[in-house]
Protein chains: 2
Amino acid sequence: MSRTEFEPIVDTTRRAEIVGQLRRAILTGKLSPGQKVNELKISKEMRVSRAPLREAVRELVQDGLLTNIPYAGAYVINVVPKDIEDAYALHHVLEDFAIDLVWPLRDQRFAAELDRRHVQVKEATRALDTTRQIETALQLHSVIYEWSDNALLLDTWLRLARRLQMYFALHQQARDEPVPDVDMHEDYVRLLKGKDIAAAKQHAREHIDWNFAELVAYAESLATKRK
Amino acid sequence: MSRTEFEPIVDTTRRAEIVGQLRRAILTGKLSPGQKVNELKISKEMRVSRAPLREAVRELVQDGLLTNIPYAGAYVINVVPKDIEDAYALHHVLEDFAIDLVWPLRDQRFAAELDRRHVQVKEATRALDTTRQIETALQLHSVIYEWSDNALLLDTWLRLARRLQMYFALHQQARDEPVPDVDMHEDYVRLLKGKDIAAAKQHAREHIDWNFAELVAYAESLATKRK
DNA sequence: GTCAATCAGATTGTCGACAATCTAGCAAGA
DNA sequence: TCTTGCTAGATTGTCGACAATCTGATTGAC
C-alpha cells in the first residue's frame with residue numbers, strides 16, 4: 001500500500017474555468033451589482049460557446065451571486081442594507097455553532113493551520129493587496145468550519161463567505177482607503193487556540209461586527225445613488 | 001394602485017420543468033442514492049435535448065442533491081449516518097435562530113398560516129399519502145423561516161429541507177409502515193403561537209429529534225448493505 | 001398628443017451533431 | 001498469472017445554428 005496521498009485531479013472542463021472567472025469578476029467588482037450578464041458577448045470574449053457558459057451561469061445562480069429571469073437574462077445580485085444585516089446575523093449564528101463543534105476537535109494541526117492562514121492575511125495586508133486580503137481573511141475564518149467536521153455547515157459557510165467577499169470587495173473598491181490594521185486577527189487566532197470558549201465566542205462576535213456599520217452605510221449610499 | 005396581488009408568472013422554460021421532475025424523482029426515491037444520471041437516456045424519456053437537461057443537472061449539483069465527476073457523470077448523493085447527524089445538528093441551530101427572529105414578528109396572519117399548513121399535514125396524514133405528508137410537514141416548518149424576514153436564512157433552510165425530505169422519503173419508502181400520529185405537530189404549532197419562547201425552542205428541539213435515531217439506523221443499514 | 005398595434009433587432013432557450021474522454025474487455029508479452 | 005497496451009463502445013463536453021421571446025421604436029388611428 002502506498003503511503004503518498006495524491007490530490008484529486010482538478011476540474012479540467014471549460015465550464016469550471018468559466019465559473020471561476022465569472023465568480024472572480026463578480027467578487028472583485030469587475031461585474032458590478034445589477035449588471036446584466038450578456039451570454040453572447042462574454043462567450044465571445046472567453047472564446048467559448050454559449051453552452052458551457054450557460055451551465056456556468058446556472059451554477060452561479062444557484063450560488064446566489066446571480067439571479068435569472070427567463071428570457072430576460074442573468075443579472076448580478078444587488079446589494080441593499082437588509083442583505084448585509086441578514087448575512088451578518090447568519091454569520092453570528094454559524095460562527096457560534098462552528099466554535100462549539102470545533103472546540104473539542106482542536107489539536108496541534110488546527111493551531112498550525114490557523115497560524116498559516118493568519119500569516120497569509122498579514123502578508124496580503126502588508127502588500128496592500130486588498131482583494132487578496134479579503135480572500136485570505138475569509139479563508140482564515142474558514143478554518144473553524146473546515147475543522148468542525150460538519151460538511152453541511154462548511155457548505156453553508158462557503159456560500160455565505162462568497163456573499164461576504166462580494167460585499168467587502170465592493171466596499172473596499174468604493175472607498176479606496178488604506179487597509180486596516182495588520183494585527184486585526186491577532187486576538188481571534190489567539191482565543192481560538194486558548195481555553196476559554198466563552199471568550200472566544202464573544203470576541204468572534206465582536207470581530208465579525210468590526211465593519212458592519214460601515215458596510216451597511218455603503219449599501220445605503222448605493223441604494224440612494226440608484227434612485 | 002391595485003389592491004389585488006398577482007402571482008409571478010411561473011417559469012415556463014423546459015429547464016425549470018426538468019429541474020422539478022428530477023428533484024421529485026430524487027426526493028421520492030425514483031432515483032436512488034448513488035445512481036447515475038444518464039443524460040442521453042433521460043433526455044430521450046423526457047423528449048428534450050441534452051442542453052436544458054444538463055443545465056438542470058448543474059442546478060441540482062449546486063443544490064447538493066447530485067454530485068458531478070467530469071467526464072464520468074452526475075450521481076445521486078449517497079446517504080451515510082454522518083450526513084444525517086450533520087443535517088440534524090444544523091437544523092437545531094437554524095430552528096433556534098429562526099424562532100428568535102420570528103418571535104417579535106408574529107402576528108395574526110402568521111398564526112393563520114401555521115394553522116393552514118398544519119391542516120395540510122393532517123390531511124396528508126389521514127390520506128396515508130406519505131410523500132405528501134413529508135412535503136407538508138417540511139412546509140409547516142418553513143413558516144417560521146419565511147416569516148423570520150431573513151432571506152439568507154430562508155435560502156439556507158430550503159437547502160437543508162430538501163436534504164431532509166430526501167432522507168425522510170428514503171426511510172419511509174424502506175420501512176413502508178403506517179404513518180405517524182396525526183397530532184404530531186399539535187404542540188409545535190401551539191407553542192409557536194404562545195408566549196413562552198424558551199418552551200417553544202425546547203419543544204422544537206425535541207420535535208426535530210423525534211425520528212433522528214431511526215433515520216441514522218436506516219442510514220447505517222444502507223451502509224452495511226452497500227458493503 | 002395619446003394610446004394601441006406592429007415590427008425589427010437583440011437576447012435567451014433549445015436542438016442536433018461532433019469532439020474529447022472514460023470504461024470495459026481482449027490480446028500480447030513478461 | 002499478472003501486467004501492459006490497444007480497441008470499441010458508450011457517455012460527457014462543446015459547438016454552431018435555429019426557434020422562441022422580449023424590448024424599444026415606429027406607425028397609425030382617434
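Residues numbered from 1 in each chain as written. Chains lettered and ligands numbered in written order. Predicted model: local features only at pLDDT ≥ 70, side-chain atom pairs only at ≥ 80, totals over all residues. Heavy atoms only, no water.

### Describing the interface of chain B and chain A
On the side of chain A, 29 residues touch chain B, which itself brings 29 residues to the contact. Note on chain B versus chain A: buried area summed over both sides is about 2,700 Å², and carbon and sulfur give 60% of it. Of all residues in chain B, Arg-58, Gln-62 and Leu-152 of chain B bury the most surface against chain A, accounting for 22% of the area lost on that side. Seen at the junction of chain B and chain A, the total is 6 salt bridges. Between Arg-58 of chain A and Glu-55 of chain B there is a salt bridge whose closest N-O contact spans 3.1 Å. At the junction of chain B with chain A, the criterion picks out 16 residue pairs in polar contact (both at pLDDT 80 or more). Listing elements by their share of the side of chain B that touches chain A, those giving two or more residues are helix H3 (50–63), helix H4 (81–102) and helix H7 (151–175) of chain B. Of the residues forming the side of chain B that touches chain A, the biggest block, 8 residues, is contributed by H4 of chain B. Residue composition of the side of chain B that touches chain A, grouped by class: 12 nonpolar, 5 polar and 12 charged. (Contact = heavy atoms within 4.5 Å. Buried area = accessible area lost by both parts, 1.4 Å probe. Salt bridge = Lys/Arg side-chain N within 4 Å of Asp/Glu carboxyl O. Polar contact = N/O pair within 3.5 Å; in protein donor to acceptor, adjacent residues only side chain to side chain. Helix = DSSP H or I, 4+ residues; strand = E, 2+ residues; numbered from the N terminus. Nonpolar A, V, L, I, M, F, W, Y, C, P; charged D, E, K, R; others polar.)

### Here we look at the protein's contact with DNA strand C
Taken together, 20 residues lie around DNA strand C, and Asn-38, Arg-50 and Arg-54 of chain A together with Arg-14 and Ser-49 of chain B are the ones closest in. Of everything in DNA strand C that lies within 4 Å of the protein, sugar and phosphate atoms constitute 75%. Here Val-37 of chain A contributes a backbone N or O atom positioned 3.3 Å from a phosphate oxygen of DNA strand C. Between DNA strand C and the protein, one listed contact pairs a phosphate oxygen with a backbone N or O atom of Ser-49 of chain B at 2.7 Å. (Near = heavy atom within 4 Å.)

### A word on the confidence of the model for chain A
With 91% of its residues at a pLDDT of at least 70, chain A reaches an overall mean of 90. Looking across chain A, the model is least confident in helix H10 (residues 212–226) of chain A, with a mean pLDDT of 80, and most confident in helix H4 (residues 81–102) of chain A, with 97. (pLDDT = per-residue confidence, 0-100.)

### Description of the relation of the copies chain B and chain A
A rotation about some axis, followed by a shift along it, carries one copy of the chain onto the other. Expressed as a screw transformation, the operator carrying chain B onto chain A has a rotation angle of 180° and an axial translation of 0.0 Å, and the superposed copies differ by an RMSD of 0.0 Å. Such a combination of rotation and displacement between the chain copies is what one expects of a two-fold axis. Closest approach to the rotation axis among the C-alpha atoms of chain B is made by Glu-55 of chain B, whose C-alpha sits 2.6 Å away. A share of 100% of interface residues in chain B that are also interface residues in chain A marks the association as one of identical surfaces. (Least-squares fit on C-alpha atoms with pLDDT ≥ 70 in both.)

### Quick notes on the protein's contact with DNA strand D
Lining the immediate surroundings of DNA strand D are 20 residues, of which Arg-14 and Ser-49 of chain A together with Asn-38, Arg-50 and Arg-54 of chain B lie closest. For DNA strand D, the backbone portion of the atoms within 4 Å of the protein, that is sugar and phosphate, comes to 75%. Within the backbone of Arg-14 of chain A, one N or O atom sits 2.5 Å away from a phosphate oxygen of DNA strand D. Contributing elements (two or more residues each) for the surface near DNA strand D: helix H1 (14–27) and helix H3 (50–63) of chain A together with strand E1 (36–37) and H3 of chain B. Tallied by class, residues from the surface near DNA strand D come to 8 nonpolar, 4 polar and 8 charged.

### Notes on H3 of chain B
All names here are of chain B. The end-to-end C-alpha distance of H3 is 20 Å, a good match for the 20 Å that 14 residues give at a rise of 1.5 Å each. With 10 of 14 residues buried, H3 lies mostly within the body of the structure. Considered for burial, the residues of H3 that qualify are Pro-52, Leu-53, Glu-55, Ala-56, Val-57, Arg-58, Glu-59, Leu-60, Gln-62 and Asp-63. At the C-terminal side of H3, Gly-64 shows a positive phi close to 95°. (Expected span 1.5 Å × (residues − 1). Buried < 20%, exposed > 50% of the residue type's maximum accessible area, 1.4 Å probe, protein only.)

### Comments concerning the sheet that holds strand E2 (residues 66–69) of chain B
Within a sheet, each strand pairs with its neighbour through backbone hydrogen bonds, oriented either parallel or antiparallel. Residues and elements named next belong to chain B. Strand order in the open sheet formed by 3 strands is E1-E3-E2, with antiparallel pairing between adjacent strands. Across the chains shown, the open sheet's two edge strands, defined by having one partner strand only, are E1 and E2. For E2 and strand E3 (residues 73–76), the ladder comprises 4 bridges, and the chain directions are antiparallel. Paired with Thr-67 across the bridge in E3 is Tyr-75. (Pairing = 2+ DSSP bridges.)

### Brief notes about the packing of aromatic side chains
Residue and element names in this part refer to chain A. With the rule as written, the count across this model stands at 6 aromatic pairs over all chains. Relative to Trp-157, the ring of Tyr-145 lies with its centre 4.5 Å away and its plane at 0°, an arrangement referred to as stacked. On the criterion of sequence distance, the pair formed by Tyr-145 in helix H6 (residues 130–147) and Trp-157 in helix H7 (residues 151–175) is long-range, its members being 12 residues apart. For the pair shown, Tyr-145 and Trp-157 are each scored as buried. The cationic tip of Arg-106 hangs over the ring face of Trp-103; the distance from NZ or CZ to the ring centre is 3.5 Å. (Phe/Tyr/Trp six-rings, centres within 6.5 Å; stacked < 30°, edge-to-face > 60°. Lys NZ or Arg CZ within 6 Å of the ring centre and 35° of its normal.)

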